[in-house]
Amino acid sequence: MRLTRYFLPVLKEDPAEAQIVSHRYMLRAGMIKQQSSGIYSWLPLGYKVLRRIEQIVHEEQIRAGHIPLLMPTLQSADLWRESGRYDDYGQEMLRIKDRQEREMLYGPTNEEMITDIFRSHVSSYKDLPLTLYHIQWKFRDEMRPRFGVMRGREFLMKDGYNFDVDKEAALHAYNRHMVSYLRTYERMGLTAIPMRADSGPIGGDDTHEFLVLASTGESEVFYDSAVTELKLGQREVNYDDRAAVAAICKEFTTLYARTDETHKEDLFNQIPEGRRKVGRGIEVGQIFYFGTKYSEPMKATVQNADGSILPVHMGSHGIGVSRLLGAIIEASHDDKGIIWPEGVTPFHIGIVNLKQGDAEADAACDAIYKAVTAIDLEPLYDDRDERAGGKFATMDLIGLPWRITVGPRGLKNGVVELTSRRTGASEEMSPELAVARLANIYAGI
RNA sequence: CGGAGUGUAGCGCAGUCUGGUAGCGCACCUGCUUCGGGAGCAGGGGGUCGGAGGUUCGAAUCCUCUCACUCCGACCA
C-alpha cells in the first residue's frame with residue numbers, strides 16, 4: 001500500500017479524552033474513531049490489525065478441532081427466558097423492541113442460542129464431542145465504558161461452546177481451550193497467564209481467566225514470577241490426547257497465579273519471596289466449565305449408548321478480540337508509539353523514501369515494494385512528499401516492526417537501511433539482502 | 001448509579017468571572033526557499049461557540065431546561 005493512496009488520519013497531538021497509552025495511540029495512529037460512548041468505528045489501520053488477530057484466533061481454534069459458525073447479534077428474549085437469564089442479566093443487556101413489539105436483545109453472549117442450535121440438531125452421543133464457536137460483535141451496556149476498546153460497550157469476541165457426554169470429556173474440552181488459547185496469545189506476542197477466577201454471571205465450577213500483565217490493567221494479580229517464563233513455543237500438540245493436553249494445562253496452572261477475586265494470602269506466602277509478585281493485568285480471555293447449567297433447563301440432551309437420555313456437559317470459552325488490540329499496545333509500545341509484534345502487525349514492513357521525486361530513490365523504493373510483495377509480505381510505502389522527520393515519526397507511531405529507509409546518500413553506496421522498531425537498531429545493506437532478511441524474519445509467523 | 005468535570009474550526013486550547021458580534025498553535029490550500037528525525041517566510045480557506053428557550057439595544061459570555069462526552073468509584077471479555 002502506498003501511503004498517498006491510503007486512509008491514515010494520524011494525529012500529532014494527544015486527544016484529550018484518552019487516558020491510557022493504548023487508547024491514545026489507537027486514536028493518534030488513526031486506528032479507531034469513537035462514535036458514541038464505548039462504541040468505535042474501526043478505521044483502515046485498526047481494522048487491519050483486528051482482522052489479523054481474528055485470523056490467528058480462527059487458525060488456533062480450527063487447529064484444536066473447534067468448528068466455526070456465525071450467530072446473529074440480535075436475539076429473541078424468549079430464548080433467554082428459558083434459561084432464566086432474561087431477568088437475571090440486568091441493565092447490562094441492551095433490550096430492544098421490534099415493530100411488532102416483540103422483545104429482542106443485542107446479544108451480550110450466546111450460550112442460549114448455541115444451546116438452541118445444538119438441541120435442534122443433535123440427539124445422539126455419537127455426535128459428541130462437539131465444539132462450536134464464532135467471532136461476533138457483542139453488546140454489553142457497561143455502567144462505565146472506558147479505556148477505548150479495552151472496555152467498550154460494543155466489542156468483538158470469540159466465544160466457543162463445547163458439548164460433551166460427561167464431565168470428564170467436558171474437562172478435556174476445557175483443557176483443549178486452555179492450550180489453544182496459550183498458543184493464540186503467544187502468536188500475538190503476548191504473555192497471557194491463566195489464573196484461577198470467579199465464575200460471575202455465566203455460572204460454573206471451573207474457570208480460568210487469561211491475564212496480560214500491564215500496569216493499566218483493571219485486575220489486581222498475584223503470581224509467582226516463574227509463571228511468566230513458561231512458554232508453549234513450537235511444540236506439537238495432539239489435541240485429541242487427553243493426557244498430553246492435561247499435562248500442558250498442569251504445567252501452566254501449577255505455579256501460583258490468581259486475581260484478587262480468588263487470591264489466598266497463605267498460599268501466596270509459600271512462594272519464595274524473591275518470586276512473589278503483585279501487579280495488574282488485563283483480562284483477555286476466560287474459559288468455563290459449567291456442566292448442565294444450560295442444557296438442563298433448555299433440554300439439550302443426547303441419548304446414550306445404554307438408551308438413557310442425558311443432558312450434555314457444556315463449557316464456554318471467550319477471547320476478547322477487540323480488547324486484544326488494546327492489550328497488545330499496552331504490552332508493547334514506547335514513547336514514540338506502538339510496537340507491533342510481527343504476528344499482528346498491520347503491515348509487515350514500512351518503506352520510507354527520504355527523497356520523494358528523486359528518480360533513483362523512487363525507483364529503489366518501487367523495486368523493494370515489488371520484491372517484498374512478491375514474497376507475500378505487505379509493505380506500507382510512505383511516498384508522501386514529506387520531510388524525513390515526519391515520515392519517521394509516522395512510522396514510529398503506527399509501529400510497524402521493520403522499516404526500510406531509502407535515501408540518495410545510501411543509494412550512492414548501493415545500500416538501504418533496515419531498522420527494527422523494537423530495538424531501534426539500524427543496519428545498512430543492499431536492498432536484496434534487506435528483502436531476504438525480512439523473508440527470514442517472517443518465515444513461520 | 002453516586003461523586004467531579006468538559007462541550008468554542010479536523011486536533012489541542014484561550015476567550016466566559018467583568019455581555020459589544022470569535023482568537024492562538026497544529027493540521028489543510030497556494031507560492032517560494034528548504035529537505036537523513038515532526039522546516040522557514042508570505043498569502044489563504046474553514047467555526048449557527050453542543051441544542052432549545054429566556055433576559056438584553058446586543059449573548060460564546062447571564063438565567064432555565066436539555067443532550068453528549070470525560071474522569072474517580074462499585075460491576076465485566
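Details of the structure are given in the entry above.
**Comments concerning the overall build of chain A**
- Counting its secondary structure elements, chain A contains 13 helices and 23 strands.
- Principal-axis analysis of the C-alpha atoms gives chain A an extent of 80 × 60 × 40 Å.
- Each of the 445 residues in chain A was classed as buried or not, and the buried ones make up 53%.
- Within chain A, counting contacts between residues at least 6 apart in sequence, those at least 24 apart form 71% of the total.
- Accessible area for chain A stands at about 19800 Å²; split by element, carbon and sulfur atoms hold 48% of it.

**With respect to the protein's contact with RNA strand B**
- The local shell around RNA strand B holds 44 residues, among which R144, R151, E283, D396 and E417 are the closest.
- When atoms of RNA strand B within 4 Å of the protein are sorted by moiety, sugar and phosphate together comprise 47%.
- Within the side chain of Q34, a nitrogen or oxygen atom sits 3.0 Å from a phosphate oxygen of RNA strand B.
- Measuring from a phosphate oxygen of RNA strand B, one finds a side-chain N or O atom of Q286 at 3.1 Å.
- Counting residues per element, the surface near RNA strand B draws most heavily on helix 11 (residues 388–398), at seven residues.

**Considerations on the packing of aromatic side chains**
- Across all of its chains, the model carries 12 aromatic pairs by this definition.
- Residues Y6 and F347 carry aromatic rings whose centres are separated by 5.5 Å and whose planes lie at 80° to one another, so their mutual orientation is edge-to-face. Note that Y6 is positioned in the segment before helix 1 (21–28) and F347 in the loop between strand 18 (337–338) and strand 19 (349–353), a separation of 341 residues in sequence.
- Look at Y185 and F210: their rings are 5.6 Å apart centre to centre, the planes differ by 45°, and that puts the pair in the tilted class. Placement of the pair is Y185 in helix 6 (residues 167–187) and F210 in strand 10 (residues 206–213), with a sequence separation of 25 residues.
- You can call F210 buried: its relative accessible area is 0%.
- Members of the aromatic cluster, each reached through a chain of ring pairs, are Y181, Y185 and F210.
- Just above the ring of F347 sits the side chain of K48; from NZ or CZ to the centre is 4.5 Å.
- Between the NZ or CZ atom of R95 and the centre of the ring of Y86, over which it lies, the distance is 4.6 Å.

**Digging into the nonpolar core**
- The biggest cluster of nonpolar side chains holds 75 residues, and the ones touching the most others in it are M31, I53, Y185, M188, F210 and V284.
- At seven residues, the largest contribution of residues to this core is made by helix 6.
- If you look at the next biggest cluster of nonpolar residues, it comprises 25 residues, including M71, Y89, L128 and A300.

**Overview of the side chain of E330**
- As for its placement among the helices and strands, E330 is situated in helix 9 (residues 321–331).
- The buried charged residue E330 lacks any salt bridge, with R24 as its nearest oppositely charged partner at 7.9 Å.
- Beyond its immediate stretch of four places on either side in the chain, E330 contacts I20, V21, S22, M150, A214, T216 and I282.

**With respect to the layout of surface pockets**
- Volume-wise, the largest pocket comes out at about 940 Å³.
- When contributions to the lining of the largest pocket are tallied by element, the ones reaching two or more residues are strand 8 (154–164), strand 13 (276–291) and strand 16 (313–320).
- With seven residues, the top contributor of residues to the lining of the largest pocket is strand 13.
- Broken down by class, the residue content of the lining of the largest pocket amounts to 13 nonpolar, 15 polar and 13 charged.

**Overview of helix 7 (residues 242–253)**
- In this model helix 7 runs 16 Å from its N-terminal to its C-terminal C-alpha over 12 residues, within 8% of the 16 Å that 1.5 Å per residue would give.
- Regarding helix 7, the residues found buried are V245, I248, C249 and F252. In a view along the axis of helix 7, the buried residues occupy a sector of 100°, so they form one face of it. Among the exposed residues of helix 7, those oriented more than 90 degrees off its buried face are A243 and K250.
- At its buried positions, helix 7 is contacted by helix 6 and strand 9 (192–196).
- The N-terminus of helix 7 is capped by D241, whose side-chain oxygen sits 3.2 Å from the backbone nitrogen of A243.

**Thoughts on the sheet that holds strand 23 (residues 426–429)**
- Here we have five strands laid out as an open sheet, ordered 20-19-21-22-23, and mixed in their pairing. Of all strands in the sheet, those bounded by a partner on one side alone are strand 20 (379–382) and strand 23. Averaged over neighbouring strand pairs, the angle between their axes works out to 20° when direction is ignored.

About the criteria used
In this convention, every chain numbers its residues from 1, walking through the sequence in written order. Numbering of ligands from 1 and lettering of chains from A proceed in the order in which they are written. Residue-level local features of this predicted model are given only where pLDDT is at least 70; pairs of side-chain atoms are given and counted only at 80 or more, and the full residue set underlies all totals for whole chains, interfaces and linings. Values reported for side chains reflect all heavy atoms of the structure, with hydrogen atoms and water molecules removed beforehand. Helix numbers and strand numbers start at the N terminus; a helix is a DSSP run of H or I with at least 4 residues, a strand a run of E with at least 2. Accessible area is worked out with a 1.4 Å probe on protein chains only. A residue is then buried under 20% of its type maximum, exposed over 50%, and partly exposed in between. Residue contacts are counted whenever heavy atoms from the two residues lie within 4.5 Å of one another. Residue burial considers only the protein chains on display, and all accessible areas are found by Shrake-Rupley using a 1.4 Å probe. Nearness is defined per residue: one heavy atom within 4 Å of the molecule or strand is enough. Here a polar contact is recorded for every N or O atom pair within 3.5 Å, except that within protein the pair must consist of a potential hydrogen donor and a potential acceptor, and residues adjacent in sequence are included only if both atoms are side-chain atoms. Between rings of Phe, Tyr and Trp, where Trp is taken as its six-membered ring, a pair exists when centres lie within 6.5 Å; planes separated by under 30 degrees are stacked, by over 60 edge-to-face, and by other angles tilted. Two conditions define a charge sitting above a ring: the NZ of Lys or the CZ of Arg must be within 6 Å of the ring centre, and it must be within 35 degrees of the ring normal. Residue types Ala, Val, Leu, Ile, Met, Phe, Trp, Tyr and Cys, when buried and joined through side-chain atoms within 4.5 Å, form a set referred to as a nonpolar core. Charge assignment in this entry is limited to Lys and Arg as positive and Asp and Glu as negative, and neither His nor the chain termini are counted. What counts as a salt bridge is simple: a side-chain nitrogen of Lys or Arg found within 4 Å of a carboxyl oxygen of Asp or Glu. Cavity and pocket criteria rest on a 1 Å grid covering protein atoms alone: a 1.4 Å probe that fits but cannot get out defines a cavity, protein on both sides within 12 Å along at least 5 of 7 lines defines an open pocket, and an atom within 4 Å of a point defines a lining residue. Grid points are joined across faces, edges and corners, and a volume is the space filled by probe spheres set on the points. The classification used treats Ala, Val, Leu, Ile, Met, Phe, Trp, Tyr, Cys and Pro as nonpolar, Asp, Glu, Lys and Arg as charged, and all other residues, Gly among them, as polar. Here the expected span of a helix is defined as 1.5 Å times the quantity of residues minus one. Here the arc refers to the set of directions running from the helix axis out to each C-beta atom. Strand pairing requires that DSSP identify at least two bridges connecting the strands. Fitted lines through C-alpha atoms serve as axes, helices being fitted only where they are in contact, and the angles separating the N-to-C directions of these axes extend from 0 to 180 degrees.

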